[in-house]
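Inside the fold
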Amino acid sequence: MAPTHVLRCCQRGLAWIPVVFIALVVCWSYYAYVVELCIFTIPSIAEQIFYLIFFHLSFIMFVWSYWKTIFTKPANPSKEFCLPKAEKECYEKEARPESQQEILWRVASNLPLYTRTGTGGIRYCDRCQVIKPDRCHHCSACDTCVLKMDHHCPWVNNCVGFSNYKFFILFLAYSLVYCLFIAATVLQYFIKFWTNELQDTHAKFHVLFLFFVAAMFCISILSLFSYHLWLVGKNRSTIEAFRAPVFRSGSDKNGFSLGFRKNIAQVFGDQKKYWLLPIFTSQGDGLTFPTRLVNADAEQAAVTLHQEPNKSTVDVPAGPFGDSQNHLLSDEQRGSNMEDFLADGALESSDHASFGLTAETCTISMDSES
């Protein structure tokens, strides 16, 4: 046990090396820009003040979002997704996967689950011993299940998921702004040092190297930032981009897409004044997510509830569950007509083809409650 514990501690220590490296580069860039460039190289005081103000604004936002991305703990499934003690004992005793799935189906009947395994079963983590909520995955590096897991990032030594995905996007954005600002303002002095228009001083090395480092990081961050902006617009995680989530009707890479505006709000929230600040404003609880599935599941196609003494029927579009956080079919499921559904903006015309949207309707007999 002791060697394993020591090995685990060593792994955790080594995992901080990329973060320490980034921290050292940022500290050096701060010194090189503020001291070597602004104080020792730039002759104009007005130019110095202008550069220093905007530099510190981008620097503060960059460090703030980076800090939040690193030290925000990944969100984990709640206790309701754990198997009860009796069911857990039965699950561990069962050797047949079919019998284990029967146990999981009984427990999951009251849980807000909508995604399945590739074979149509309940997603269960044997390591954490929990039923996985929608979009939840197990991170081998963190050794835990993470809600809406996107990926494990070594540069922040943390899992990027529901709790810190907005911080990660802002970290990429502000690091890009930071590098672009440095590269743009250093360029003219880089050229002057390179062409020997300025005297060789101790600042020359810092200015030249500062431009190269800023330009290099700018190129690499730009590609990553662009990719994640595309993911946000599609309401997908990195995992879902490579492996489409499986629903009862089959895999669907656009299953969680609600339209561009609503997809943005899922990550950044409804209040735009907080979008650029690294504070948590994402919608939902990370356990359930609205979907856009349209008339794809036979179980959803017809639900009949009896009404006593008089029966009445209402035709409603076989559409998605809208913004509801509970994706399980229930006796209290409410219908809405197609005009209201489209007016709400849940579906956009550009996405109709991918979902095969039709005007088919299903009949539901409503059961009145006394």
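Keep in mind that what you see is a predicted model, and the values were worked out from it rather than measured. (Residues numbered from 1 in each chain as written. Predicted model: local features only at pLDDT ≥ 70, side-chain atom pairs only at ≥ 80, totals over all residues. Heavy atoms only, no water.)

**A word on the overall build of the protein**
To keep it simple, the criterion reads: A helix here means a DSSP run of H or I that spans at least four residues, while a strand means a run of E at least two residues long, and both kinds are numbered starting from the N terminus. Relative accessible area decides the class of each residue, using a 1.4 Å probe on protein chains only: under 20% of the type maximum gives buried, over 50% gives exposed, and in between gives partly exposed. By definition in these notes, contact holds between two residues if any of their heavy atoms fall within 4.5 Å. Computed with a 1.4 Å probe, the accessible areas rest on the Shrake-Rupley method; for each residue, only the protein chains presented here act as cover.
Per the secondary structure count, the protein includes twelve helices and eleven strands. Within the span of the protein, comprising 370 residues, buried residues form 45% of the whole. Across the protein, the fraction of contacts at a sequence separation of at least 24, relative to all contacts at a separation of at least 6, is 66%. For the protein, the accessible surface area stands at approximately 20,200 Å², while carbon and sulfur atoms represent 61% of it.

**Observations regarding the UniProt feature "transmembrane region" (unreviewed entry) in the protein**
How we decide: UniProt positions are given in the numbering used here, feature names are shortened, and annotations may be inferred rather than shown by experiment.
According to UniProt, the "transmembrane region" (unreviewed entry) feature falls on residues 12-33, 48-67, 167-191 and 203-227. Between the C-alpha atoms that bound residues 12-33 there is a distance of 33 Å. The span itself is 91% helix and 0% strand. Taken as a whole, residues 167-191 contains 100% helix and 0% strand, while its terminal C-alpha atoms sit 35 Å from one another.

**Some details on the environment of Leu-57**
Relative to the elements of secondary structure, Leu-57 occurs in helix α3 (residues 45-71). Residue Leu-57 is classed as exposed on the basis of its relative accessible area of 51%. A C-alpha to C-alpha distance of 9.8 Å links Leu-57 and Tyr-174, two positions 117 residues apart in sequence.

**Overview of helix α7 (residues 202-234)**
Put simply, the rule reads: A helix is expected to span 1.5 Å multiplied by its residue count minus one.
Its 33 residues give α7 an end-to-end C-alpha distance of 49 Å, which sits within 8% of 48 Å, the value for a rise of 1.5 Å per residue. Positioned one or two residues after α7, Asn-235 has a phi angle of 55 degrees, which is positive.

**Quick look at the packing of aromatic side chains**
Note the threshold: Note on ring pairs: Phe, Tyr and Trp rings are taken, using the six-membered ring of Trp, and paired if centres are within 6.5 Å. Classes follow the plane angle, with under 30 degrees stacked, over 60 edge-to-face and the rest tilted.
Going through the model one piece at a time under the given rule, you end up with 31 aromatic pairs. Between Phe-190 and Trp-194 the ring centres are 5.6 Å apart and the planes differ by 25 degrees, which places this aromatic pair in the stacked class. Of this pair, Phe-190 and Trp-194 both sit in helix α6 (residues 165-194), four residues apart, which is roughly one turn of that helix. Judged by its relative accessible area of 11%, Phe-190 falls in the buried class. Relative to Phe-212, the ring of Phe-190 has its centre 5.4 Å away and its plane inclined at 90 degrees; by these criteria the two rings are edge-to-face.

**Structural notes on unusual backbone geometry**
With phi around 55 degrees, Gln-129 is a residue other than glycine that occupies positive phi space. Checked against the element boundaries, Gln-129 lands in the loop between β2 (124-125) and β3 (130-131). Not every positive phi belongs to a glycine, and Asn-235 is a case in point at roughly 55 degrees.

**Observations concerning the side chain of Asn-235**
As for its position among the elements, Asn-235 is in the loop between α7 and α8 (238-242). Excluding residues that lie within four positions of it along the chain, Asn-235 makes contacts with Arg-135, Lys-148, Glu-240, Phe-256, Ser-257, Leu-258, Asn-263 and Gln-266.

**A word on the pattern of salt bridges**
Threshold: In the sections that follow, a salt bridge refers to a side-chain nitrogen of Lys or Arg positioned within 4 Å of a carboxyl oxygen of Asp or Glu.
Considering all chains together, one arrives at four salt bridges under this definition. With a shortest N-O distance of 3.3 Å, Glu-87 and Arg-106 are connected by a salt bridge. One end of the pair, Glu-87, is in helix α4 (residues 85-93); the other, Arg-106, is in helix α5 (residues 97-108), with 19 residues separating them in the sequence. On the basis of relative accessible area, Arg-106 is assigned to the partly exposed category, the value being 47%. Of the charged contacts, one joins Asp-143 and Arg-127 as a salt bridge, the two residues approaching to 2.8 Å between their closest N and O atoms. One end of the pair, Asp-143, is in the loop between β4 (137-139) and β5 (144-146); the other, Arg-127, is in the loop between β2 and β3, with 16 residues separating them in the sequence. According to the relative accessible area criterion, Asp-143 is partly exposed, its value standing at 30%. For Arg-127, a relative accessible area of 60% translates into the label exposed.

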